[in-house]
Amino acid sequence: MQDRKLLPAPPANAYLFALAACALATALALPLRDYLNPVNAVMFYLLGVIITAARYGRSASIAASIFAFLSYNFFFTEPYYTFDVDDYKDVLTLLLLLICGIIAGAQTSKLQAERNFFRSKEHNTSVLYAMSNELTATRGRERIIATISRHVAEAFDASVIVWFPQSNIAELREEQAARWAYEHQQPAGLRTPTLPGARGLYVPLSGTTHVLGVLGLTPNHPFSIDEREMIQTFANLAAAALERADIADIAEKNKIEAEGEKLRNALLSAVSHDFRTPLASIKGVISSLLMEDNRMQPEDKKELLASAHGEVARLERIVSNLLEVTLLESGKLTLKKDYYFLPELVGNALKQTEAALQGRQVICHIQPDLPALQVDGLLIEQVLVNLLENAGKYTPADSPVRLHCDGYGGQVKIVIEDKGQGLPAGEEEKIFDAFHTATPNNRKGSGLGLAICRGILQAHGGSIKAENRPEGGAVFTITLPVGAVPIMTEAA
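Residues numbered from 1 in each chain as written. Predicted model: local features only at pLDDT ≥ 70, side-chain atom pairs only at ≥ 80, totals over all residues. Heavy atoms only, no water.

Participant: Would you mind going over the side chain of Arg-360 with me for this structure?
Facilitator: Summarising the element assignment, Arg-360 is placed in the loop between helix H9 (342-352) and strand S6 (362-366). No salt bridge forms around the buried Arg-360; measuring N to O, its nearest opposite-charge neighbour Asp-398 is 6.4 Å away. From its side chain, Arg-360 meets the backbone oxygen of Gly-392 in a polar contact 2.7 Å long. A polar side-chain atom of Arg-360 sits 3.3 Å from a polar atom in the side chain of Ser-399. Beyond its immediate stretch of four places on either side in the chain, Arg-360 contacts Ala-391, Gly-392, Thr-395, Pro-396, Ala-397, Ser-399 and Val-401. (Helix = DSSP H or I, 4+ residues; strand = E, 2+ residues; numbered from the N terminus. Buried < 20%, exposed > 50% of the residue type's maximum accessible area, 1.4 Å probe, protein only. Lys, Arg positive; Asp, Glu negative; His and termini not counted. Salt bridge = Lys/Arg side-chain N within 4 Å of Asp/Glu carboxyl O. Polar contact = N/O pair within 3.5 Å; in protein donor to acceptor, adjacent residues only side chain to side chain. Contact = heavy atoms within 4.5 Å.)

Participant: Looking at this structure, I do not really get the pattern of salt bridges. What am I missing?
Facilitator: Any two side chains of opposite charge can pair, on the condition that their charged atoms come close. Scanning all chains against the criterion turns up six salt bridges. Glu-171 is paired through a salt bridge with Arg-199; the nearest N and O atoms lie 2.7 Å apart. Of this pair, Glu-171 sits in the loop between strand S1 (158-163) and helix H6 (172-184) while Arg-199 sits in the loop between strand S2 (188-189) and strand S3 (201-206), placing them 28 residues apart in sequence. Residue classification places Glu-171 among the partly exposed residues on the basis of a relative accessible area of 36%. The salt bridge involving Arg-179 is made with Glu-175; its shortest N-O contact spans 3.0 Å. Of this pair, Arg-179 and Glu-175 both sit in helix H6, four residues apart, which is roughly one turn of the helix. Here Arg-179 falls in the partly exposed class, since its relative accessible area comes to 29%. Residue classification places Glu-175 among the buried residues on the basis of a relative accessible area of 11%. Each of the salt bridges in this network shares a partner with another, and the network as a whole consists of Glu-417, Arg-469 and Glu-471.

Participant: Explain empty space enclosed by the protein here, please?
Facilitator: A probe matching the size of a water molecule, rolled over the atoms, marks out where space remains unfilled. Scanning all chains against the criterion turns up one cavity of 30 Å³ or more. What the largest cavity holds in volume is close to 30 Å³. If you trace the largest cavity, you find it lined by Pro-400, Val-401, Arg-402, Glu-417, Asp-418, Lys-419 and Arg-469. (1 Å grid on protein atoms, 1.4 Å probe; cavity = no way out; pocket = protein on both sides within 12 Å on 5 of 7 lines; lining within 4 Å. Points joined across faces, edges and corners; volume = space filled by probe spheres on them.)

Participant: How do you make sense of the packing of H9 against helix H10 (residues 377-393) when you look at a structure like this?
Facilitator: Any two packed helices are characterised by the angle at which their axes cross and by the distance between the axes. Taken N-terminus to C-terminus, the directions of H9 and H10 make an angle of 50°; their axes are 9 Å apart at the nearest point. Judged by the inter-axis angle, H9 sits oblique to H10. Between H9 and H10 lies a crossing of right-handed hand. Residues Leu-345, Val-346, Asn-348, Ala-349, Leu-350 and Gln-352 of H9 touch H10, and the partners they reach there are Gly-377, Ile-380, Glu-381, Leu-384, Val-385 and Leu-388. By residue class, the composition of the contact of H9 with H10 is eight nonpolar, three polar and one charged. (Axes fitted to C-alpha atoms, helices over the stretch in contact; angles between N-to-C directions. Parallel < 35°, antiparallel > 145°, perpendicular 65-115°, else oblique. Left-handed = near helix turned anticlockwise from the far one by under 90°. Nonpolar A, V, L, I, M, F, W, Y, C, P; charged D, E, K, R; others polar.)

Participant: Would you mind showing me how to read the packing of H10 against helix H11 (residues 449-459) here?
Facilitator: Where H10 contacts H11, the axes come no closer than 9 Å and their chain directions differ by 150°. Taken together, the axes of H10 and H11 are roughly antiparallel relative to one another. The element H10 and its partner H11 pack so that their crossing is left-handed. Of the residues in H11, those touching H10 at Leu-379, Ile-380, Gln-382, Val-383, Asn-386, Leu-387 and Asn-390 are Gly-449, Leu-450, Ile-452, Cys-453, Ile-456 and Leu-457. The residue inventory of the contact of H10 with H11, partitioned by class, reads nine nonpolar, four polar and no charged.

Participant: What should I look at first to understand the side chain of Glu-243 in this one?
Facilitator: Tracing the sequence through the fold places Glu-243 in helix H7 (residues 225-292). It is Arg-244 that comes nearest to the buried, bridge-free Glu-243 among opposite-charge side chains, at 9.4 Å. Those residues in contact with Glu-243 that lie beyond four places of it in its chain are Gly-207, Thr-208, Thr-209 and Leu-212.

Here it is as structure tokens:
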């Protein structure tokens, strides 16, 4: 703290300073003895007494008063250079010098102590205020502990630890003091009735329901009573911050558990709905084949097997979607990038969705001379397949689908439009959340397709957005960065 340099020095230094102050007063006043009223010389000595009191306190000021009394008697009362006094008036002057010196020194020492006290209070209050502000903005238990330790060390010029039951202190006595303070909820250690031989003072950090830990301070100077009270104030603030951190951790844990439970429920709902229909169809096909195998025409058998094959493919896509959502959520999706031309990707996607878009007119326009994209081709194809299948699933059977591709500013934009009912108001962003469907009462999917699309595009540094067309229907807009331009080399 900034005022510790004004604390009392060792007695020898204090008394030497008092003697030096009187010697200096004598040296200044003695050459003027023949020109000054002897009473005026008293002021030199009073000044020395006051300076000594301001610097070293009451005991040094009393010593300075005695030295001043003797010096004035020896040098300024007749007969000079003896301790005899001829005039009774000089006796009164000497006594007044001694009394005034003692009173002035005592008052100056008192004022200096009060000034030190209020400066200490002001400093500790400012540190406490700074600590409170920083703790309010600090998150995380470890960061809060670091903030507490730094501010308490600054306020009390001490080594600081925040001890918890699972912590260990190298010195056994310090460990015992900290544990006793924690278990009995009372200070222990330095200058306390419990284990006073410890080097540190250990104060419990008491929360509203239990003790959170212990604040330990090993001082570089003895603590005063006022500092002991201020330490308790710092401990209370530290306990409140740690309790807030614990409550935040519990709330975050409960939130994660609630979100996990919500995700599990959504997953079970999606799986139970989407698995039930294809499994029922496959079971029906197998039952029919088992019961009617000998009487069934080859064409009918082939049709049933084709139906079962389609349902198996549907199940495979559902499982694949679930796995990809898991990879996207965990950040473990690995991109296998290569250079692809957009017409190739669009053509493959249209080929895979022929069944979903059967009977529809697909109007496709791709800007000529688009650069090659550095992407994971299979994943980008899956994005296009998911969007085209949605267009076939949620729009009338005779409505057309438009696909438009162009490039601008180092990016490629792919727009897929349909003429269906469009998106419900306010659902334009929510439809990209996992397990969210725009038609929950007439569910046609697991709600994973668009979530996978967004995750794949974000992994590529791209984006996707959904809007309603003014004339009706929905429009999905994909943007992808072109990436590095491949270096063309001539064949040897």
